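# Observations on chain architecture
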Amino acid sequence: MTMLGLQNDRLETIITHEELMLTARSIASLQLANGMIPWFDGGHCDPWNHVETAIALDVAGLHREAERAYQWLLDTQHADGWWFNYYLPSGNVEEPKLDTNVCAYVAAGVWHHWLATGDRGFVEHMWPTVRRAIDWVLTMRRPNGTIRWAREEHASPWDYALLTGSSSIWHSITCATHIAALMPEMNFIGVEVHTPGIGSLLKQIDERGLTNLRLIQHDAVEVVTHMLRPASLAGAH
C-alpha cells in the first residue's frame, strides 16, 4: 500500500507528487546501515524526529526503509523502555537526557505504519518495544496524573510537565491502545491508582469495544503480590 499512490488534486498546485518523493528519497539517503536517520549527513539523531522521518517514509511508500528505522529503535531501546535524547552516527550518546515525549512517540509511529501497510507481523514485532516505552513513560507520572517532562539517566525526574509534551504523550498512549486492540488474543490488566486515569481508560475501552483489557484501581505492588493466582501472569511491564 503506497500512501502517495493516490492523486491529491488539492495539493498538486502546491507541491507535486515528484517533489514529495524527492523529499522522501533525500531522507532515505541519510539512513545509516543500522537504520538510524540523522538530522543531516554526519549529524545527530533523536528518537522523536527519527519517528517523524519514518512516518514520512511510509507516506511516500518507502516501507522497507521505514521498517529499518523502527528496527533501530528496537535495537537501541534500554531494557527499562527509554532512549537517550541524542545519538551520534558512531553510536555514542550526545545528550543523556531521557524525555518522556520523545520516548512515547514510537507508539504513534508504529500505529501509523500499520495504517499505511496493514502489516500485522510488523506490529507484533514492535509491540514489546512500544509497550516498554509507554510503561516507562507512565512511571514518570506526578501524583496529580500529569507526566513529568524528563530526567537525567541517574537523577531524579524534573518535577514539572509540559503542555505540548503531554499532548503528544496522550496521542502516543492512544495509539498504543489502538495497537493493543489489534491483538485480541492477548489479555491485558491495567493497574492505575488515579480515578481520572481509570475514567479515561474506561471511556476508551467502551468506545473501542475492547474485550481483552481489564482495569484494577489499586497499588500495582499489592495487586501482583496478593491479588493474582500463581503462574497466572505472563509478564509485568
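Our structure is the block above this text.
An account of the accompanying structure is given in this report. Numbering of residues starts from 1 in each chain and follows the order in which that chain's sequence is written. The predicted nature of this model means local features are confined to residues of pLDDT at least 70 and side-chain atom pairs, given and counted, to a pLDDT of 80 or more, with totals for whole chains, interfaces and linings taken over all residues. Calculated side-chain values reflect all of the structure's heavy atoms, with hydrogen atoms and water omitted.

Here we come to the packing of aromatic side chains. A pair of aromatic rings is counted whenever rings of Phe, Tyr or Trp (Trp by its six-membered ring) have centres within 6.5 Å, and the orientation is called stacked for planes under 30 degrees apart, edge-to-face for over 60 and tilted otherwise. Applying the stated rule across the entire model yields seven aromatic pairs. The interplanar angle of 15° and the centroid separation of 4.6 Å between the aromatic rings of Trp48 and Tyr105 together place this pair among those described as stacked. Pair noted here: Trp48 is in helix α3 (residues 47-59) and Tyr105 is in the loop between α5 (100-104) and α6 (106-117), with a separation of 57 residues, a long-range link. Working definition: with a 1.4 Å probe on protein chains only, accessible area under 20% of the residue-type maximum means buried, over 50% means exposed, and in between means partly exposed. By relative accessible area, Tyr105 is classed as buried at 9%. Measuring from ring centre to ring centre gives 4.9 Å for Trp82 and Phe84, while their planes differ by 65°; the resulting arrangement is edge-to-face. Using a relative accessible area of 4% as the deciding quantity, one classes Trp82 as buried. Take Phe84: its relative accessible area is 14%, and that puts it in the buried class. Cluster of aromatic residues (ring-pair linked, three or more members): Trp72, Trp82, Phe84 and Tyr87. By definition, any uninterrupted DSSP run of H or I lasting at least four residues is a helix, any uninterrupted run of E lasting at least two residues is a strand, and each is numbered from the N terminus.

The next subject is the environment of Ile179. Its place among the elements puts Ile179 in helix α8 (residues 163-181). On the accessibility criterion, Ile179 (0% relative accessible area) is buried. Between the C-alpha atoms of Ile179 and Glu124, which are 55 residues apart in sequence, the distance is 9.0 Å. Every residue pair with non-hydrogen atoms within 4.5 Å of one another is taken to be in contact. In this view, Ile179 contacts Ala107, Val110, Trp111, Val123, Trp127 and Val130; residues no more than four positions away in its chain are not counted.

This part takes up the packing of α3 against α6. Interaxial angles span 0 to 180 degrees and are taken between N-to-C directions of axes, which are lines fitted to C-alpha atoms, for helices over the stretch in contact. It is at 9 Å that the axes of α3 and α6 come closest, and there the two elements cross at 5°. Between α3 and α6, the angle falls in the class roughly parallel. Residue-level contacts link Val51, Ile55, Asp58 and Val59 of α3 to Val106, Gly109, His112, His113, Ala116 and Thr117 of α6. Amino acids outside the nonpolar list (Ala, Val, Leu, Ile, Met, Phe, Trp, Tyr, Cys, Pro) and the charged list (Asp, Glu, Lys, Arg) are all regarded as polar, and Gly is one of them. For the contact of α3 with α6, a count of residues per class yields five nonpolar, four polar and one charged. Reported orientations rely on four angle classes, namely roughly parallel under 35 degrees, roughly antiparallel over 145, roughly perpendicular from 65 to 115, and oblique for the rest.

With respect to the element layout, Asp99 can be found in strand β3 (residues 97-99). Note that His is not counted, nor are the chain ends; the positive residues are Lys and Arg, and the negative ones are Asp and Glu. The term salt bridge refers to a side-chain nitrogen of Lys or Arg lying within 4 Å of a carboxyl oxygen of Asp or Glu. Put simply, Asp99 is tucked away with no salt bridge, and the nearest opposite charge, on Lys97, sits 4.0 Å away. Within the local environment of Asp99, its side chain forms a polar contact with the backbone nitrogen of Asn101, the two atoms lying 2.9 Å apart. N or O atoms within 3.5 Å of each other form a polar contact, as long as, within protein, one can give a hydrogen and the other can take it, and as long as residues adjacent in sequence are counted only when both atoms are side-chain atoms.

This part takes up the side chain of His44. Mapped onto the secondary structure, His44 falls in the loop between α2 (17-30) and α3. Exposure remark for His44: the relative accessible area of 16% places this residue in the buried category. Looking at His44, its side chain comes within polar contact range of the side chain of Glu94, at 2.4 Å. Apart from residues no more than four positions distant in its own chain, His44 is found in contact with Met36, Pro38, Trp39, Tyr86, Tyr87, Leu88 and Glu94.

To continue, consider the pattern of salt bridges. For the structure shown, the criterion picks out five salt bridges. Across the pair Arg64 and Glu65 runs a salt bridge whose closest N-O atoms are separated by 3.7 Å. A residue is classified by how much of its surface remains accessible, and Glu65, at 16% relative accessible area, is buried. What you see here is one network of salt bridges that share partners, running through Arg142, Arg148 and Asp159.

Next up on the list: the packing of helix α4 (residues 63-76) against helix α7 (residues 120-138). Across the interface, α4 lies against α7 with an axial gap of 10 Å and an inter-helix angle of 30°. Considering their axes alone, α4 and α7 lie roughly parallel with respect to each other. Judged by the twist between their axes, the crossing of α4 over α7 is left-handed. On α7, the residues that touch Glu67, Tyr70, Gln71 and Leu74 of α4 are Phe122, His125, Met126 and Thr129. Of the residues belonging to the contact of α4 with α7, the class tally is four nonpolar, three polar and one charged. Crossings are sorted by hand: turned counterclockwise from the far helix by less than a right angle, the near helix makes the crossing left-handed, and turned clockwise it makes it right-handed.

Spatial relationships are all this shows, so hold off on functional conclusions.
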